[in-house]
Amino acid sequence: VTERSAVQSGAEVLVASNRGPVSYALGEGGELSARRGGGGLVSGLSAIGPEAGAVWVCAALGDGDRAAVRRSGGLLDTADTGGQRVRMLDIPAEVHAAAYNGVANSVLWFVHHMLYQTPVEPVFDAGFREEWAAYEAYNAAFAGALAEAAGPGAAVLVQDYHLALVPGLLREMRPDVRIAHFSHTPWAPPEYFALLPDDVQRQLLLGILGADRANFLTERWARAFAACCERALGPDCTAHWPRHEPPSVVAGPAAHRTRIGVHGLGADAEFLRERSRRPDVEERMAGLRAQIGGAGRKTVVRVDRTELSKNIVRGLLAFRRLLADRPEWRERVVHLAFAYPSRQDLAVYRDYTARVGALAEEINAEYGTATWQPVVLHVKDDFARSLAAYRLADVALVNPIRDGMNLVAKEVPVVSDAGCALVLSREAGAWVELGADALTVNPYDVGQTAEALHAALTMPAEERSARTARLAAAATALPPARWFLEQLRALEA
Ligand code: F6P
């Protein structure tokens, strides 16, 4: 009751994102079980903690969530959320599906990660327009809920490409609140962003420019955003990137100024070190050691959602190339590939998941022996097992086509027991901070990636430990709680 009245009387800090910190599964008897939400955004924001007093506004994503909203009246039980105040919005399922699957994940995600095969896609026709209308409605629902819950002059931190229109809509409803938008993805270069219909480009950009601050994970993505604004919005818009002052974009007849911020989310060392020493992780390590087998065998680890941008197929091809070109590694190395199902409502993700599984089987059939399985693929999401693999890894393979940051690259060096060499795509945001001590690869170049795996596997132990220590320091420079506070302070300044 106290918590509800606190929200009604007006929250001072609000966070808005599609996926919230918790999701609910509906049991056969109608009982609900709560589970921590997944993904980089949730990992980053979960560290805020209840003491920050923020209200987190998110969408109901399935039947379990919808039942939880009905049960709680929208403000979730804090016993399920780790003490955080979470308001879940029950947006009609078909509106959410069109906005999330249709626009956010099939169009905006594809644009920012440059995933289209452009001779045949994208095609923007009547179907897209219907989905776009749903995206507008879904953004309007968030803006309305935020406008209602925000106290006078509140700080509202809107997350990601799902909610690009929210800052503009909210500013109209509540000019008193301070608004920040954070992009957890890369931002497309202007030529690629120009694939989108012109009016959609304008709406997305002006939506974000409704914020006081537009924040990004790296300067590269921030500059791409500013370049898109100038190109798509024309003479009405100017990007300022002075050498010694914060950058900004000024747009519209009222010359509204949006400051551009770069906040490179880091790994949470304290949490990871404590969590990775718990008995369940030790247990998983024993299990993985048994699967790896063979005394002295090396391990190449990858941990991803099964996501097109993560480039899992080329990672497997590179491992196959390593075994083909350098037969000395046969029987001596195992690739632990964790590829957790994601966005399975979309056919292209289901096909990709199947391709990953088939390729792992092909490699095992081609090279495996009675005593050695070259690729061990796990698809069931298990955080304790991911941590166990981080601790054991000799080499971590992080080769995305494009990635806003990539927290796996930052988590492995923090948790590693004996030092781990990092093979890292130059297209991951994390490369900016970790590139100096990683083995850098062009994610499309399978041959180069195979050679980098070989170099990583043969790296002398002292060099590996020294690099791991430097990687861990760089990876934890801005832990999640400070990352969040930094944005809040910048918004208040
Ligand atoms: O910014 C990327 C993001 O929103 C992160 O939360 C996470 O990496 C991923 O996308 C989650 O995707 P989804 O919510 O569609 O599973």
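Just above, that's the structure.
Report follows, based on the coordinates. Bear in mind that the values here come from a model prediction, so they are computed numbers and not experimental data.

Details of the overall build of the protein chain
Okay, step 1: Secondary structure assignment for the protein chain yields 19 helices and 17 strands.
Okay, step 2: Computed over C-alpha atoms, the radius of gyration of the protein chain comes to 23 Å, within 12% of the 23 Å expected from 2.2 N^0.38 for 493 residues, which places it in the range of a compact globule.
Okay, step 3: Projected onto the principal axes, the alpha-carbon positions of the protein chain cover approximately 65 × 55 × 45 Å.
Okay, step 4: Evaluated residue by residue, the protein chain yields a buried proportion of 49% over its 493 residues.
Okay, step 5: Taking the intrachain contacts of the protein chain between residues at least 6 apart in sequence as the baseline, contacts between residues at least 24 apart amount to 75%.

Re the sheet that holds strand S13 (residues 333-340)
Okay, step 1: Sheet architecture is open: six strands sit in the order S14-S13-S12-S15-S16-S17, paired in parallel fashion. If you trace the sheet from one side to the other, it starts and ends with strand S14 (375-378) and strand S17 (439-441), each paired once. Shown here is a sheet whose adjacent strand axes are inclined to one another by a mean of 20°, direction ignored.

A short note on the nonpolar core
Okay, step 1: By size, the foremost hydrophobic cluster in this structure holds 157 residues, and its most contacted members are Leu14, Val57, Leu422 and Val423.
Okay, step 2: The dominant element in this core, judged by the number of residues it contributes, is helix H5 (residues 126-149), at eleven residues.
Okay, step 3: With residues near it in sequence (within four places) discarded, Val423 still touches Val395, Ala396, Leu397, Val398, Asn399, Ala438, Leu439, Val441, Thr449, Ala452, Leu453 and Ala456.

Some details on the site of the ligand
Okay, step 1: Taken together, Arg19, Gly39, Gly40, Leu41, Val42, Asn105, Asp160, His184, Thr185, Ser342, Arg343 and Gly404 are the residues near the ligand.
Okay, step 2: Sorting elements by how many residues they give to the shell around the ligand places helix H2 (residues 40-46) first, with three residues.
Okay, step 3: Per-class residue counts for the shell around the ligand are two nonpolar, seven polar and three charged.

Some details on helix H18 (residues 461-475)
One full turn of an α-helix is made of 3.6 residues, so residues set three or four places apart face in the same direction.
Okay, step 1: Across its 15 residues, H18 extends 20 Å between first and last C-alpha, which sits within 8% of the 21 Å expected from 1.5 Å per residue.
Okay, step 2: Considered for burial, the residues of H18 that qualify are Arg467, Thr468, Leu471, Ala472, Ala474 and Ala475. Angular distribution of buried residues about the axis of H18 spans 160°; they occupy a single face of the element.
Okay, step 3: Where H18 is buried, its residues contact helix H15 (407-415), strand S16 (421-425) and helix H16 (431-434).

With respect to the environment of Arg391
Okay, step 1: Along the chain, the position of Arg391 falls in helix H14 (residues 383-392).
Okay, step 2: Residues Arg391 and Val158, 233 residues apart in the sequence, show an inter-C-alpha distance of 34 Å.
Okay, step 3: The contacts of Arg391, once residues within four sequence positions are left out, are Ser276, Met285, Val415, Ser416 and Asp417.

Comments concerning the environment of Asp394
Okay, step 1: Among the structural elements, Asp394 can be located in the loop between H14 and strand S15 (395-398).
Okay, step 2: Each C-alpha atom, one on Asp394 and one on Ile91, is 45 Å from the other, the two residues being 303 residues apart in sequence.
Okay, step 3: Other than its neighbours up to four places away in sequence, Asp394 contacts Lys298, Thr299, Cys420, Ala421 and Leu457.

What about the sheet that holds strand S5 (residues 85-89)?
Okay, step 1: On the basis of which strands lie adjacent, the open sheet formed by nine strands has the order S5-S4-S1-S6-S7-S8-S11-S10-S9 and mixed pairing. Across the chains shown, the open sheet's two edge strands, defined by having one partner strand only, are S5 and strand S9 (237-240). Recorded for the sheet is a direction-independent mean angle of 20° between the axes of neighbouring strands.
Okay, step 2: The pairing of strand S8 (residues 213-216) with strand S11 (residues 256-262) spans four bridges and is parallel. Within S11, the position partnered with Phe216 by the bridge is Val262.

Criteria and cut-off values
Per-chain numbering applies: the sequence of each chain, read as written, is numbered from 1 onward. This being a predicted model, a pLDDT of at least 70 is required before a residue's local features are given, and a value of 80 or more before pairs of side-chain atoms are given or counted; all residues contribute to the totals for chains, interfaces and linings. Helix and strand definitions here come from DSSP, where helices need a minimum of 4 consecutive H or I residues and strands a minimum of 2 consecutive E residues; each element is numbered from the N-terminal end. All radius of gyration figures rest on C-alpha atoms, and the globule criterion is 2.2 Å times the number of residues raised to 0.38. Once C-beta atoms are placed from the backbone, each residue is buried if 20 or more other C-beta atoms lie within 10 Å of its own, exposed if 12 or fewer, and partly exposed for counts between those two. Each residue is represented by a C-beta atom placed from its backbone, and any two residues with such atoms within 7 Å are regarded as in contact. By definition, two strands form a pair when at least two bridges between them are found by DSSP. What counts as an axis is a line fitted to C-alpha atoms, over the stretch in contact for a helix, and the angles between N-to-C directions run from 0 to 180 degrees. Nonpolar cores are identified as sets of buried Ala, Val, Leu, Ile, Met, Phe, Trp, Tyr and Cys residues joined via C-beta atoms within 7 Å. Nearness between a residue and a molecule or strand is assessed with a C-beta atom placed from the backbone; a distance within 6 Å qualifies. Amino acids are sorted into nonpolar (Ala, Val, Leu, Ile, Met, Phe, Trp, Tyr, Cys and Pro), charged (Asp, Glu, Lys and Arg) and polar (every other residue, Gly among them). A helix is expected to reach a length of 1.5 Å times the quantity of its residues less one. An arc is given here, and it is the one of the directions from the helix axis to the C-beta atoms.

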